[in-house]
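# Remarks on the overall topology
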Amino acid sequence: MKERALLELENTNKLEELEQLRIKFLGKKGELTQVLRGMGSLSSEERPIVGQVANEVRVLIENGIEKVKEKLKEESKNIKLNAEILDISMPGTQIEKGHRHPLIGVMEELENIFMSMGFSIVQGPEVETVYNNFDALNSPENHPSRDPSDTFYITDDILLRTHTSPVQIRTMKENKPPLRIVSAGRTFRFDDVDDTHSPMFHQLEGLVVDKNITMANLKHTIDMFIRELFGSQMKTRFRPHYFPFTEPSAEVDVSCLKCMGKGCEACNGTGWSMELLGCGMVHPNVLRNCGIDPEIYSGFAFGLGVDRIAMVKYGINNIRLLFENDMRFLNQF
Ligand code: FA5
C-alpha cells in the first residue's frame, strides 16, 4: 500500500486528484483506515507491530500529500505570473484623441477677431421669451416668422430663440451706452433641411450703440471683419433688405472663395457666395423699448450665420456634414 500510495502521489498533477487520493487512503472508508479498524481482530503481539507500521505509512502519505500540494500550488502560481508578464517594449494601443469641432473653432476665431476690434463677448439663453425674441425687436404681431410653423414654441410666451438678436435687448436693458458687444450661440427655426439650412444652426450677433454711429461705421466694421477672416482680397456686397429691428437694413454676401469673384460652378457663375449675414441701423423703437433715447444715441447691429461662414471658409457644400458627427469628416480639421 505504501508503494502504491507513493507512486500515485508522484503521478498526481492536479489539486483535485490529490484530494481524491487522500480520501482513497486516509478517508473514513480509506484503505489505511480499514487496516486500522481491522486491528481488533489481531493478536495482542501482532497489534503493536501492525499499528506502528500503519502509523508510519499514514505519516508518510500525509507528508507526501502536503509536499505535492505545495508543489502544485507553486506551479499554478508560476503559470499565473507568467501569463501576467508585461512586456514594456511592446507598442501600446493608440488612444484616439478628440479635438475641437470645426464649428466651435470658427466661432472662437470670429469672437477673437471682434475682440481685437474692441468688442466684448456676452452670452444669452437659448430658451427665450417671446417678448425679447419678437416684441421688443419691433416685430409686428402678424410677422410670418412668429408663426408656429416657423418657430419652436415651448409655451405661448416662451420659445427656442430664432436668432441671437434678443441678446441685443438683454444687453441694452442691463447696460447704458456706449455698447460694443458680440454674442454667439445656437439658434432654432422650423426650417426644412437642405444644403444651406438646418433647424438648429449658429449665429453671432453684434451690437454697437453710441452717439453719432452711422451706416458708414457698420459697413467699415463688416468689411474689416470679412477681410480679417478671409483675406484682404475679399469683397463684400450689401443688398438692401428688411428687418423689423433695423432701418435701413441690408444683407451681405462675400466673394466666392473658389473663383474670387470671377464666377465658377460653385457660385453658379455669380462670383458671390451664399448670404452670410443680415445687418442694419438699430430701429429707434428698439432703442426706446430698452430705455435708450434715439434722439441722443444711434447704433448698428448685425447677425451672421456661423455655420455658413464655416462652409465658405472650408469649402463645405452641405451644412448637414457639420452636424452628422461622421469621424471621416471631422478628422479632416
Ligand atoms: C436674422 O436672423 C437677423 N437677426 C440678423 C440681424 C441681426 C439683422 C441684427 C439685422 C441686425 P436672418 O434670418 O437673415 O437674419 O439670419 C441671419 C443669418 O443666419 C443668415 O444670413 C444665414 O447665414 C443664417 N441662417 C438663417 N437661417 C439659417 C438656417 N436655417 N440654417 C443655417 N443658417 C441660417
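Residues numbered from 1 in each chain as written. Predicted model: local features only at pLDDT ≥ 70, side-chain atom pairs only at ≥ 80, totals over all residues. Heavy atoms only, no water.

Looking now at the UniProt feature "domain: Aminoacyl-transfer RNA synthetases class-II family profile" (unreviewed entry) in the protein chain. The UniProt entry lists residues 106-324 under the feature "domain: Aminoacyl-transfer RNA synthetases class-II family profile" (unreviewed entry), expressed in the numbering used here. The span residues 106-324 is 25% helix and 27% strand, and its two end C-alpha atoms sit 17 Å from each other. (UniProt positions renumbered as here; feature names shortened; annotations may be inferred. Helix = DSSP H or I, 4+ residues; strand = E, 2+ residues; numbered from the N terminus.)

Before going further, it helps to examine the nonpolar core. Residues Leu-110, Leu-204, Phe-225, Phe-230, Phe-302, Leu-304 and Ile-309 are the most contacted members of the largest nonpolar core, which totals 40 residues. Contacts of Phe-302, omitting those with residues within four sequence positions, involve Phe-114, Val-182, Leu-204, Glu-205, Gly-206, Leu-218, Ile-222, Leu-277, Gly-278 and Cys-279. (Core = buried A, V, L, I, M, F, W, Y, C linked by side-chain atoms within 4.5 Å. Buried < 20%, exposed > 50% of the residue type's maximum accessible area, 1.4 Å probe, protein only. Contact = heavy atoms within 4.5 Å.)

Within the structure, the ligand sits among 26 residues, and His-163, Ser-165, Arg-189, Asp-191 and Glu-275 are positioned closest to it. Between the ligand and Asp-191, the relevant distance is 2.8 Å, taken from a nitrogen atom to a side-chain nitrogen or oxygen of the residue. When the ligand sits alone it has 670 Å² of accessible area, and the protein chains cover 95% of it. Looking at the shell around the ligand element by element, the count peaks at four residues for strand E9 (residues 298-305). Taken together, the residues that form the shell around the ligand break down as nine nonpolar, 11 polar and six charged. (Near = heavy atom within 4 Å. Polar contact = N/O pair within 3.5 Å; in protein donor to acceptor, adjacent residues only side chain to side chain. Areas by Shrake-Rupley, 256 points an atom, 1.4 Å probe, with all protein chains shown as cover. Nonpolar A, V, L, I, M, F, W, Y, C, P; charged D, E, K, R; others polar.)

Our next topic: the sheet that holds strand E7 (residues 246-254). Paired through their backbone hydrogen bonds, the strands of a sheet run either parallel or antiparallel. Taking strand neighbours across the sheet as the criterion, the seven strands line up as E1-E4-E5-E9-E8-E7-E6 in an open arrangement whose pairing is mixed. Looking along the sheet, the strands with just one partner apiece sit at the ends: strand E1 (120-121) and strand E6 (236-243). Judged from the two bridges that link them, E1 and strand E4 (residues 179-188) form a sheet pairing that is parallel. For Ile-121, the partnering residue across the bridge sits in E4 and is Val-182. The strands touched by helix H5 (residues 102-116) are E1, E4, strand E5 (200-210) and E9; relative to E5, the strand with the most contacts, the crossing angle is about 5°. The strands touched by helix H8 (residues 215-230) within the sheet are E6, E7, strand E8 (277-282) and E9, with E9 carrying the most contacts at an inclination of about 30°. (Pairing = 2+ DSSP bridges. Axes fitted to C-alpha atoms, helices over the stretch in contact; angles between N-to-C directions.)

Turning our attention to the UniProt feature "binding site: Mg(2+)" (unreviewed entry) in the protein chain. If you check UniProt for "binding site: Mg(2+)" (unreviewed entry), the listed places come out as Glu-247 in our numbering. Topologically, Glu-247 is positioned in strand E7. Overall, Glu-247 belongs to the partly exposed group, its relative accessible area being 48%.

Another point: the packing of aromatic side chains. Applying the stated criterion to the full structure yields nine aromatic pairs. Between Phe-119 and Phe-302, the ring centres sit 6.5 Å apart and the planes meet at 75°, which makes this aromatic pair edge-to-face. Within this pair, whereas Phe-119 is found in the loop between H5 and E1, its partner Phe-302 is found in strand E9, the two being separated by 183 residues in sequence. Like Phe-119, the residue Phe-302 is buried in the burial classification. (Phe/Tyr/Trp six-rings, centres within 6.5 Å; stacked < 30°, edge-to-face > 60°.)

Right, let's get into the state of the cysteines. A full pass over the atoms with the stated rule returns zero disulfides. Here Cys-279 stays free of any disulfide, with the sulfur of Cys-290 as its closest cysteine sulfur at 19 Å. Of the residues examined, Cys-279 reaches a relative accessible area of 2% and is grouped as buried. (Disulfide = S-S within 2.5 Å.)

Let us now look at the pattern of salt bridges. Evaluation of the coordinates by the stated rule reveals 15 salt bridges. Of the charged contacts in the structure, one is a salt bridge between Arg-100 and Glu-108, with a shortest N-O distance of 2.3 Å. For Glu-108, a relative accessible area of 32% gives the class partly exposed. Between Glu-109 and Lys-313 there is a salt bridge; the shortest N-O distance is 3.2 Å. In this pair, Glu-109 sits in helix H5 while Lys-313 sits in helix H10 (residues 306-314), placing the two residues 204 residues apart along the sequence. Several salt bridges share partner residues, and in doing so they unite Arg-237, Arg-239, Glu-251 and Asp-253 into one network. (Salt bridge = Lys/Arg side-chain N within 4 Å of Asp/Glu carboxyl O.)

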